[in-house]
Amino acid sequence: KEEKLLILRETVRNIPDFPIPGIQFKDVTPLFKTKESLSNLTEVLLDEYKDKGITKVVGIESRGFIMGPIMALELGAGFVPIRKPGKLPAEVFEQEYEKEYGVDKIQIHKDSLSKDDVVLIHDDLLATGGTMYAAYKLVKDMGVKKIYVNFIIELDALEGRKLFPKEIGINSLIHYDI
Ligand code: PRP
Ligand code: MG
């Protein structure tokens, strides 16, 4: 596993000054590009969750929609999308969160989860944690049995994980000290 993680780490591409000057953008697309990398990524992402009885993987639009459904299929679970406003057609619950400039919102279908669900919420990246914390609140307020959270990448210096209660197992494969 350690070997695979090292290779995955080297596969993430750093793009300087994207989307604005001064930002070192972590591009995850090379992780999905080859069958070897996609399969390694899937394997290490699932490592912790095979015996947890996960019934639903919740993925956050957009970049949580890539590995979310793959993990769901491998775990024998269903997939539920959390989307940006105005995209989900049926009745939704909505949560606001702080972005770099102003507030944003995300939504989930009201009938997508039930109290018997064991949920893994997935996104590609933990930065400030605003996005995932909003997703966590949405899922928590729906009264599910248990919540796990995982990411491909975590930017440790932004301390996003501090927003979450200790008992939530938050897992990130690749950590950056920025
Ligand atoms: C990025 C990333 C995470 C979020 C992390 O998504 O994919 O979802 O930001 O930031 P945070 O921890 O500070 O909230 P973005 O909103 O840029 O949209 P995208 O996934 O549609 O590209
Ligand atoms: Mg995103």
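Note: the structure precedes this text.
A brief look at the structure comes next. These numbers come from a predicted model, not from an experiment.

Definitions and limits used
Residues numbered from 1 in each chain as written. Chains lettered and ligands numbered in written order. Predicted model: local features only at pLDDT ≥ 70, side-chain atom pairs only at ≥ 80, totals over all residues. Heavy atoms only, no water. Near = heavy atom within 4 Å. Polar contact = N/O pair within 3.5 Å; in protein donor to acceptor, adjacent residues only side chain to side chain. Areas by Shrake-Rupley, 256 points an atom, 1.4 Å probe, with all protein chains shown as cover. Helix = DSSP H or I, 4+ residues; strand = E, 2+ residues; numbered from the N terminus. Pairing = 2+ DSSP bridges. Axes fitted to C-alpha atoms, helices over the stretch in contact; angles between N-to-C directions. Parallel < 35°, antiparallel > 145°, perpendicular 65-115°, else oblique. Left-handed = near helix turned anticlockwise from the far one by under 90°. Contact = heavy atoms within 4.5 Å. Nonpolar A, V, L, I, M, F, W, Y, C, P; charged D, E, K, R; others polar. Core = buried A, V, L, I, M, F, W, Y, C linked by side-chain atoms within 4.5 Å. Buried < 20%, exposed > 50% of the residue type's maximum accessible area, 1.4 Å probe, protein only. Expected span 1.5 Å × (residues − 1).

Moving on: the site of ligand 1. Around ligand 1, the structure places 13 residues, and the nearest of them are Ser62, Asp123, Asp124, Thr128 and Thr131. Contact distances for ligand 1 include 2.8 Å between an oxygen atom and a side-chain N or O atom of Lys84. Separating an oxygen atom of ligand 1 from a side-chain N or O atom of Thr131 is a distance of 2.6 Å. Protein contact buries 80% of the 500 Å² of open area that ligand 1 shows by itself. Taken together, the elements giving at least two residues each to the shell around ligand 1 come down to strand E7 (118-126) and helix H5 (130-141). Top element by residues in the shell around ligand 1 is E7. It accounts for three residues.

Ordered by their spatial adjacency, five strands build an open sheet running E4-E3-E7-E8-E9, and the pairing between neighbours is parallel. Edge positions in the sheet fall to strand E4 (78-82) and strand E9 (170-176), since each has one partner strand and no second. For this sheet, the mean angle separating the axes of adjacent strands, direction not counted, is 20°. Summarising the sheet, strand E3 (residues 56-60) and E4 pair through five bridges and their orientation is parallel. Residue pairing for E4: Gly59 is matched across the bridge by Pro81.

The next thing to look at is the packing of helix H1 (residues 2-11) against helix H3 (residues 35-46). Where H1 meets H3, the closest approach of the two axes is 10 Å, and the angle between their N-to-C directions is 125°. The orientation of H1 relative to H3 falls into the category oblique. Considering only the axes of H1 and H3, their crossing is left-handed. Here H1 contributes Lys4, Leu5, Leu8 and Thr11 to the contact with H3, which in turn contributes Ser37, Asn40, Leu41, Glu43 and Val44. The residue inventory of the contact of H1 with H3, partitioned by class, reads four nonpolar, three polar and two charged.

Let us look at the nonpolar core. Judged by nonpolar contacts, the single largest core of 27 residues is most densely connected at Leu41, Ile54 and Ile152. Taken together, the elements giving at least two residues each to this core come down to H1, helix H2 (29-33), H3, helix H4 (64-75), E7, strand E8 (146-155) and E9. For Ile54, the contacting residues outside a window of four places in its chain are Tyr49, Leu75, Ala77, Val118, Val119, Leu120 and Tyr148. Ile106, Ile121, Ala135 and Ile147 belong to the second-largest nonpolar core, a separate cluster that totals 25 residues.

The end-to-end C-alpha distance of H3 is 16 Å, a good match for the 16 Å that 12 residues give at a rise of 1.5 Å each. The set of residues buried in H3 consists of Ser37, Asn40, Leu41, Thr42, Val44, Leu45 and Leu46. Check the buried side of H3 and you find it contacts H1, H2, H4, E7, E8 and E9.

What follows concerns the packing of H3 against H4. Two numbers describe how H3 lies on H4: the axes approach to 10 Å, and their chain directions differ by 65°. For the element pair H3 / H4, the angle class is roughly perpendicular. The crossing of H3 and H4 is right-handed. Residues Leu38, Leu41, Thr42, Leu45 and Leu46 of H3 lie in contact with H4, whose contacting residues are Met67, Ile70, Met71, Glu74 and Leu75. Within the contact of H3 with H4, the residues separate by chemical class into eight nonpolar, one polar and one charged.

Before going further, it helps to examine H4. Taking 1.5 Å of rise per residue, 12 residues should cover 16 Å, and H4 covers 16 Å from first to last C-alpha, within 8% of that figure. If you follow the buried residues of H4, they end up packed against H2, H3, E3, E4, E7 and E8. A positive backbone phi angle near 70° is found at Gly76, which sits one or two residues after H4.

In short, geometric facts, not functional conclusions.
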